Amino acid sequence: VSSVSAQTLPDSFAVAQEGMRRGLARFNEGSQAVAQGNLDPGGVVGMIEGQRTYEMNAKVLRTADEMLGTLLDTIA
């Protein structure tokens, strides 16, 4: 089990934000394919993958935010 420090939390924020950007980009790619009439299931799968990627990284960001709040509460 790794320890949480003030240095690892900002890294978590950056990684989660980048993951959210990738998820949104993947969702947009899939939705554009579907909007253009591409009936290949890959477009819908891409939308689902993008949504799940975004959701997972949003949870990481939320958890990192909670951990930072707890860390600040214990310091203060």
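Let us look at the structure shown here. All values derive from a computational prediction rather than experimental measurement.

Side note on the overall build of the protein chain
Looking only at helices and strands, the protein chain features two helices and zero strands. The contacts in the protein chain between residues at least 6 apart in sequence include a share of 70% that link residues at least 24 apart. Summed over all atoms, the accessible surface of the protein chain reaches about 5,500 Å², with 59% contributed by carbon and sulfur.

A word on the pattern of salt bridges
Following the criterion strictly, the structure yields four salt bridges and no others. The partner of Arg21 in a salt bridge is Glu18, and the shortest N-O contact between them spans 3.1 Å. Separated by three residues within a single helix, Arg21 and Glu18 lie in helix α1 (residues 8–35), roughly one turn from each other. Across the salt bridge formed by Glu29 and Arg26, the nearest N and O atoms sit 3.6 Å from each other. One end of the pair, Glu29, and the other, Arg26, are both in helix α1, three residues apart, so they sit about a helical turn from each other. Taken together, the shared-partner salt bridges in this structure form one network comprising Arg26, Glu29 and Glu49.

Re the environment of Ile48
With respect to the element layout, Ile48 can be found in helix α2 (residues 41–75). The class of Ile48 is partly exposed, set by a relative accessible area of 43%. Separated by 25 residues in sequence, Ile48 and Gly23 have C-alpha atoms that sit 9.4 Å apart.

Quick notes on the environment of Thr53
Examined against the element boundaries, Thr53 turns out to sit in helix α2. Using a relative accessible area of 23% as the deciding quantity, one classes Thr53 as partly exposed. Between the alpha carbons of Thr53 and Met20 there is a distance of 6.7 Å; along the sequence they are 33 residues apart. Setting aside anything within four residues of it in sequence, one finds Thr53 in contact with Gly19 and Gly23.

Description of α2
Compared with the 51 Å implied by 1.5 Å per residue over 35 residues, the 51 Å span of α2 between its first and last C-alpha is a close match. Every buried residue of α2 is accounted for by Gly43, Gly46, Gly50, Asn57, Ala58, Leu61 and Ala64.

A look at the environment of Arg21
It is 9.3 Å that separates the C-alpha atoms of Arg21 and Asn57, two residues lying 36 residues apart in sequence. Separated by 3.1 Å, the side chains of Arg21 and Glu18 make a polar contact.

Here is what the cut-offs are and how they apply
- Residues numbered from 1 in each chain as written.
- Predicted model: local features only at pLDDT ≥ 70, side-chain atom pairs only at ≥ 80, totals over all residues.
- Heavy atoms only, no water.
- Helix = DSSP H or I, 4+ residues; strand = E, 2+ residues; numbered from the N terminus.
- Contact = heavy atoms within 4.5 Å.
- Areas by Shrake-Rupley, 256 points an atom, 1.4 Å probe, with all protein chains shown as cover.
- Salt bridge = Lys/Arg side-chain N within 4 Å of Asp/Glu carboxyl O.
- Buried < 20%, exposed > 50% of the residue type's maximum accessible area, 1.4 Å probe, protein only.
- Expected span 1.5 Å × (residues − 1).
- Polar contact = N/O pair within 3.5 Å; in protein donor to acceptor, adjacent residues only side chain to side chain.

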